[in-house]
Amino acid sequence: MDILGTSLRVCVGDLDAAVGVYERLTGAEAVRFQRGGVAVAAVGCFFLMSGPEAELSVLRKITATIAVKDVDDAVADLRAVGADIVAGPLPTPIGRNLVARHPDGSIFEYVDRKQEAEA
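For the rest of this paragraph, the subject is the nonpolar core. Judged by nonpolar contacts, Ala64, Ile66, Val68, Val71, Ala74, Val75, Leu78, Ala83, Leu98, Ala100, Phe108 and Tyr110 together constitute the single largest core of 12 residues. Counting residues per element, the ones that place at least two in this core are β5 (64-68), α3 (71-80), β7 (95-101) and β8 (107-112). No other element matches α3, which puts 4 residues into this core. Leave out the neighbours within four places in its chain, and Ala83 touches Leu78, Arg101, His102 and Pro103. In terms of nonpolar packing, the next biggest core, distinct from the first, is built from 11 residues, Val10, Val12, Ala18 and Tyr22 among them.

Structure follows, in structure tokens:
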């Protein structure tokens, strides 16, 4: 699989206040979107997330988000090393994603920028 980069997940109580801090630190402008009941702001290499604790508690279990060239390739490689695909691949507003549990128990989200029509 081709890994293109990694994003760190940060759960925050006040998304608007956090966005200003992370925009200043990274020099990047936030891109905001909604994922279920959770408001998300992508700022540089950070995903800032705010919402109901029930949803955030699930998201906190995911160590990081890994950008890959193709989620389908990631599935094949993850299965080859004994990882469990917990969810996906599924379309998202920016491409496709999946969640996998590695053999050591670590949980990661993998995303690509492929749209459903391209898949």
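What follows concerns unusual backbone geometry. Of note, the amide linkage connecting Gly88 to Pro89 takes the cis form, showing an omega dihedral of 0°. Relative to the helices and strands, Pro89 is located in strand β6 (residues 84-92).

In this section: the sheet that holds β5. Read from one edge of the open sheet, 8 strands run β2-β3-β4-β1-β5-β8-β7-β6, paired in mixed fashion. Unpaired on one side and paired on the other, β2 (31-35) and β6 mark the two borders of the sheet. The mean inter-strand angle of the sheet, taken between neighbouring strand axes irrespective of direction, is 25°. Pairing of β6 with β7 involves 6 bridges; the strand directions are antiparallel. Opposite Ile85, over in β7, you have Ala100 as the bridge partner. With respect to the sheet, helix α1 (residues 15-26) is in contact with β1 (3-11), β2, β3 (38-43) and β4 (46-50), its orientation differing from that of β4 by roughly 170°.

What follows concerns the environment of Val38. Checked against the element boundaries, Val38 lands in strand β3. Classification of Val38 by relative accessible area gives buried; the value is 1%. The sequence separation of Val38 and Val21 amounts to 17 residues, and the corresponding C-alpha distance is 19 Å. Those residues in contact with Val38 that sit more than four places away from it in its chain are Phe33, Met49, Ser50, Gly51, Glu55, Leu56 and Leu59.

Within the secondary structure, Glu23 is located in helix α1. Taking relative accessible area as the criterion, Glu23 reaches 26% and is therefore assigned partly exposed. Measuring from C-alpha to C-alpha, the distance between Glu23 and Gly44 comes to 7.7 Å, with 21 residues separating the pair along the chain. When sequence neighbours within four positions are dropped, the list of residues in contact with Glu23 reads Ala28, Glu29, Ala30 and Val43.

Rules used throughout
Residues numbered from 1 in each chain as written. Predicted model: local features only at pLDDT ≥ 70, side-chain atom pairs only at ≥ 80, totals over all residues. Heavy atoms only, no water. Core = buried A, V, L, I, M, F, W, Y, C linked by side-chain atoms within 4.5 Å. Buried < 20%, exposed > 50% of the residue type's maximum accessible area, 1.4 Å probe, protein only. Helix = DSSP H or I, 4+ residues; strand = E, 2+ residues; numbered from the N terminus. Contact = heavy atoms within 4.5 Å. Pairing = 2+ DSSP bridges. Axes fitted to C-alpha atoms, helices over the stretch in contact; angles between N-to-C directions.

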